[in-house]
Amino acid sequence: MRAVPAIFILVLISVLLTACGGSTPSAVTGCAPDDADCVEVGIGEPIYLGAFLALDFASGRDTLASVRLALDYLDGVFDQNDGQLLGHDIALLVEKDECNAVSGRIGARAMLSEPGLLAVIGPTCSSTAFGSADQVLSERDVLLVSPSNTAPSLTDPDSHQRTYFRTAFNDAIQGSVVADFVFSRQQLTSAVTVSKADDAYSSQLAATFGVSFTALGGTVVRSFSLKPGDARAGVAQALQADPPAAIFIALQTPDCGEVAAAIRRQPSLRDSTIVVAEACQTEDFIDTLGASATGIYASGPDFSTVQADPFYRDWYLPAYRQLTGNDPDGVFGPSAFDAAGLVIDAIRRTAVVLPGGVLRFSRAQLRRALLDVRRYAGLSGSLTCLPTGDCSEGARIAIYRAPDWPIVRGDRATPVFSQFKTLAEVGLTN
Amino acid sequence: MSWLTSLNGGVLLALCVGGTVLFALAMLLALILVIPQRSREGTGMTAAAYMTVLGSLFAILTGFLINSEYSTLRQAQNIVGIEVAGASQLAYASASLPPSDTSLVQASLVRYLTSVSAAEWPQLEVDPGARSRAGDDLSSLSRLVFSYGPRPYAPSVTTDAMQTSLATVTESRRQRLVIATQELPLPLFVLSVVTGMALISGALLVALRTGPRYGLVAAGIVLIVGFDLTAILAISAPFAGPFVTSTEPIQQLAQEIASGDYLGWLGSR
């Protein structure tokens, strides 16, 4: 009978404890709504994203189509209808990038007129971002993820803006691979570079090529820095007396097409090897040069890797064709799809969903979410976002020989040279 | 019966113990009035002879019910564990898809798990048979998962694993819903109550015969009957009342998936 009181007490305690229990975990509400860092998306309101792209250029249109595909794919199908993100529509604010610092500031400020703007995909041109859009957006902690900026200074620790990221490769890698191709593969020891003054992309690409080429043992005999009023044929005229072995044209269309066409017209420069960069891998370039484009080399992302990806080949590409009516007209489409993917992923991971479906975001957490990305198996390759903003830790850069360019031959384009390099290998990270 | 089993612990305790005490007091009064002093010796001895049988019967009945209902509660907890394991496997399997698909499947899974803990659980307490938002979310998740089967870029090993783990989730949910609709076997419970009342009556008759010194034993029996009945009712509904199956594993998994723990590209954090 002594056990009886013990049983009473046990039953009594357990029942009373359960009666008093049943507490639920306190609701997570995230950041305070009146905090400047905090963005709240109300019921029925869209999530605002920006696209800051050079729509006058093929690469801008190409990347915009890829961003639209990423939004279309939010519901898991490419049906030309945008899916929803966390139960909210996405409102894509599109601003035109005119590839200069002024348009960078104007475009960034225009997009900031929407206070709920979380992130911007773009810009297309490095000169739009550098010291311009990247600064304006960083001041407001808005993420800027570029699919096509390649200028090294954008992710240089001394000049990097904290909310700036890019999925495109760093031109330190492209410049190094082109130098390897010219010096080691083509065994040419002298080269001329052509770039555009006051253009972050062009001048820095030419400079990185020069540094790598010189380090290999080559000599950059002359560097042209074209100003807006300079005649594009001037380069060819200046070189005709003393033709260089190689000419690296680090310009964008239409400038590079005009310069290359002028060089091709000079009989004394017929034997000079011409290499252009990825910004010239456009149909405009081929159209401008016609048959004389044959034999011109172009550097850019190695598409054989991208095309081997079954998602790209069997799912993305048909959807792209359905959306635009043609094949990709640029090389940064996969990077743009990845840029949008990273932003969407960061939004999903950091959203605090309040009762009824209201969303709350901390801009600082969004940035940290991007910095958490390690080996994201994107369409453009493996992405790891570094504090300096580079998400493409390495890149396989290929050299294609016209007319066998991806832009002309599509899947059948075969590179004559391809090399994978990491940022560490070109001395940018440990 | 479900209204009774869904009452909270304090109310159940008050109801059962208070009920048995009131019954005992009423019975004691009735016995004092009905049974004359001279007959108490005989009735007390007769009641004492039956006390062992009644006590055993009460113990067997309540023991069976408590064991049976506790097994159901454990089974419900196990099923939740299996459902969570299936969901976890689905999240892992989806990590082999392209990142945009991984992210999508895991977001859909989080939506389902959140609906289960936030919407379906409270509904299981009130109306287990009603259609819940979790059902719709599971349908969306199923459509999404099965849509990867024919896609050429999705490895068949991955899609098979996703479909298998989804089947585990679906099956577990269905079992959970079936358990939620089950009720305490009323005839057995009524029999326990009747036996308990007989036991109390017997104890009171014995106490009347032997005097107030033995009243404490009778009071103990009254309390034991009250506590036993409380225990049966308390554990009898796994999704209602004081002892409920915890949603903690579901909430924890949803939180883990939402924060990216199952994304391959955050693995080295």
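Look up a bit, the structure's there.
All of these numbers come straight from a predicted model, not from anything done at the bench.

Calculation rules
Residues numbered from 1 in each chain as written. Chains lettered and ligands numbered in written order. Predicted model: local features only at pLDDT ≥ 70, side-chain atom pairs only at ≥ 80, totals over all residues. Heavy atoms only, no water. Helix = DSSP H or I, 4+ residues; strand = E, 2+ residues; numbered from the N terminus. Buried < 20%, exposed > 50% of the residue type's maximum accessible area, 1.4 Å probe, protein only. Contact = heavy atoms within 4.5 Å. Areas by Shrake-Rupley, 256 points an atom, 1.4 Å probe, with all protein chains shown as cover. Lys, Arg positive; Asp, Glu negative; His and termini not counted. Charge placed at Lys NZ, Arg CZ, Asp CG, Glu CD. Buried area = accessible area lost by both parts, 1.4 Å probe. Salt bridge = Lys/Arg side-chain N within 4 Å of Asp/Glu carboxyl O. Polar contact = N/O pair within 3.5 Å; in protein donor to acceptor, adjacent residues only side chain to side chain. Nonpolar A, V, L, I, M, F, W, Y, C, P; charged D, E, K, R; others polar. Pairing = 2+ DSSP bridges. Axes fitted to C-alpha atoms, helices over the stretch in contact; angles between N-to-C directions. Patch = residues over 30% accessible without salt bridge, like charges linked within 9 Å, V, L, I, M, F, W, Y side chains within 5 Å. Phe/Tyr/Trp six-rings, centres within 6.5 Å; stacked < 30°, edge-to-face > 60°. Core = buried A, V, L, I, M, F, W, Y, C linked by side-chain atoms within 4.5 Å. Domains from an automatic or database assignment. Disulfide = S-S within 2.5 Å. Parallel < 35°, antiparallel > 145°, perpendicular 65-115°, else oblique. Left-handed = near helix turned anticlockwise from the far one by under 90°.

Caption draft 1: Region of interest: the overall build of chain A. Helices and strands together make up the secondary structure of chain A, namely 14 helices and 17 strands. Its C-alpha atoms put chain A at 115 × 45 × 40 Å along the principal axes. The 430 residues of chain A split such that 57% are buried. Summarising the internal contacts of chain A: among those between residues at least 6 apart in sequence, 72% fall at separations of at least 24. Within the structure as shown, chain A displays about 17,000 Å² of accessible surface, and the carbon and sulfur contribution to it stands at 52%. Taking the average place of the 32 positive charges on the side chains of chain A and the average place of its 47 negative ones, the gap between the two points comes to 4 Å.

Caption draft 2: Region of interest: unusual backbone geometry. Residue and element names in this part refer to chain A. Geometrically, the link from Gly 122 to Pro 123 is a cis peptide bond, its omega value of -5° lying close to zero. With respect to the secondary-structure elements, Pro 123 resides in the loop between strand S4 (117-121) and helix H4 (126-139). Between Thr 253 and Pro 254 the backbone carries a cis peptide bond, its omega angle lying at 5°. Locating Pro 254 in the fold gives a position in the loop between strand S9 (246-249) and helix H8 (255-265). For Gln 80, which is not glycine, the phi dihedral falls at a positive 65°. You can call Gln 80 partly exposed: its relative accessible area is 43%. Of note in this structure, Leu 86 is not a glycine but carries a positive phi near 55°.

Caption draft 3: Summary view of the interface of chain A and chain B. Every contact between the two is made by 31 residues of chain A and, on the other side, 34 residues of chain B. Surface buried jointly by chain A and chain B totals about 2,700 Å² across both partners, of which 70% is contributed by carbon and sulfur atoms. There are 0 salt bridges connecting chain A and chain B. Between chain A and chain B we count 7 residue pairs in polar contact (both at pLDDT 80 or more) in total. Among the secondary structure elements, those contributing two or more residues to the side of chain A that touches chain B are helix H1 (3-20), helix H11 (310-324), helix H12 (333-350) and strand S14 (376-378) of chain A. By residue class, the composition of the side of chain A that touches chain B is 19 nonpolar, 4 polar and 8 charged.

Caption draft 4: Summary view of the sheet that holds strand S16 (residues 394-401) of chain A. Residues and elements named next belong to chain A. A sheet is described by the order of its strands in space; here 7 strands give the open sequence S8-S7-S9-S10-S11-S16-S17, paired in mixed fashion. Of all the strands in the sheet, the pair left with one neighbour each is strand S8 (219-226) and strand S17 (417-422). Mean inter-strand twist for the sheet, computed between neighbouring axes without regard to direction, equals 20°. The pairing of strand S7 (residues 190-196) with S8 spans 7 bridges and is parallel.

Caption draft 5: Local environment of a negative patch on the surface. Residues and elements named next belong to chain A. Taken together, Asp 75, Asp 79, Asp 82 and Asp 89 make up a surface patch of like negative charges. By the element assignment, Asp 79 lies in the loop between helix H2 (58-72) and strand S3 (90-96). On the basis of relative accessibility, which here comes to 34%, the residue Asp 79 falls in the partly exposed class.

Caption draft 6: Region of interest: the packing of aromatic side chains. All names here are of chain A. Going through the model one piece at a time under the given rule, you end up with 20 aromatic pairs over all chains. Seen in terms of ring centroids, Tyr 73 and Phe 311 are 5.6 Å apart; in terms of plane orientation they differ by 70°. Their pairing is edge-to-face. With a gap of 238 residues between them, Tyr 73 in the loop between H2 and S3 and Phe 311 in helix H11 connect regions that are remote in the sequence. Accessibility classification places Tyr 73 together with Phe 311 in one group, the buried group. With a centroid separation of 6.0 Å and an interplanar angle of 85°, the aromatic rings of Phe 183 and Phe 213 are classed as edge-to-face.

Caption draft 7: The arrangement of the nonpolar core in detail. In this structure, Val 194, Ile 249, Phe 285 and Trp 405 of chain A together with Tyr 148 of chain B are the most contacted members of the largest nonpolar core, which totals 157 residues. Here this core gathers at least three residues from each of two domains, domain 1 (38-168 + 332-392) and domain 2 (172-300 + 397-422) of chain A. If near-sequence neighbours (up to four positions away) are discounted, Val 194 of chain A is found in contact with Phe 224, Leu 226, Val 235, Ile 247, Phe 248, Ile 249, Ala 250, Leu 251 and Val 259 of chain A. Counting residues in each nonpolar core, the second largest holds 28 residues, with Leu 184, Val 206, Val 225 and Leu 233 of chain B among its members.

Caption draft 8: Structural detail: the state of the cysteines. Residue and element names in this part refer to chain A. Evaluation of the coordinates by the stated rule reveals 4 disulfides over all chains. With a sulfur-sulfur separation of 2.0 Å, Cys 31 is cross-linked through a disulfide to Cys 38. Here Cys 31 and Cys 38 share a disulfide; its torsion about the S-S bond, 65°, makes the bridge right-handed. In this model, Cys 99 is linked to Cys 125 through a disulfide, with the two sulfur atoms separated by 1.8 Å. Residue Cys 99 is found in the loop between S3 and helix H3 (101-112), and its partner Cys 125 is found in the loop between S4 and H4; the two are separated by 26 residues along the sequence. Across the pair, exposure class does not vary: Cys 99 and Cys 125 are buried alike.

Caption draft 9: Geometry of the pattern of salt bridges. Residue and element names in this part refer to chain B. By the definition in use, this model includes 17 salt bridges over all chains. Between Glu 41 and Arg 209 there is a salt bridge, with its nearest N and O atoms 3.3 Å apart. Taken together, the residues Glu 41 in helix H3 (residues 40-94) and Arg 209 in helix H7 (residues 186-210) connect sequence positions 168 residues apart. Glu 41 gets classed as partly exposed once you look at its relative accessible area, which sits at 40%. Under the relative-accessibility criterion, Arg 209 is labelled partly exposed at 32%. In this structure, Glu 83 engages Arg 176 in a salt bridge whose closest nitrogen and oxygen atoms are separated by 2.8 Å. Of the two residues, Glu 83 is situated in helix H3 and Arg 176 in helix H6 (residues 156-181); the sequence distance between them amounts to 93 residues. Accessibility assignment for this pair places Glu 83 and Arg 176 in one class, buried. Each of Glu 83, Glu 120, Arg 173 and Arg 176 takes part in a single network of salt bridges with overlapping partners.

Caption draft 10: Broad picture of the packing of H3 of chain B against helix H8 (residues 215-235) of chain B. Residues and elements named next belong to chain B. Running from N to C, H3 and H8 cross one another at 20°; their axes reach a closest spacing of 8 Å. What the angle tells us is that H3 and H8 run roughly parallel. Every pair of crossing elements has a handedness; the one defined by H3 and H8 is left-handed. Across from Met 51, Phe 58, Thr 62, Leu 65, Ile 66, Glu 69 and Tyr 70 in H3, the residues of H8 making contact are Ile 221, Val 225, Asp 228, Ala 231, Ile 232 and Ile 235. Class assignment for the residues of the contact of H3 with H8 results in 10 nonpolar, 1 polar and 2 charged.

Caption draft 11: Structural view of the packing of H3 of chain B against helix H4 (residues 99-126) of chain B. Residues and elements named next belong to chain B. Their axes nearest at 8 Å, the elements H3 and H4 cross at an angle of 160°. For the element pair H3 / H4, the angle class is roughly antiparallel. H4 is crossed by H3, and the crossing has left-handed handedness. Across the interface between the two elements, Val 80, Glu 83, Ala 87, Leu 90, Ala 91 and Ser 94 from H3 touch Thr 102, Val 105, Gln 106, Leu 109, Tyr 112, Leu 113, Val 116 and Trp 121 from H4. Grouping the constituent residues of the contact of H3 with H4 by class yields 10 nonpolar, 3 polar and 1 charged.

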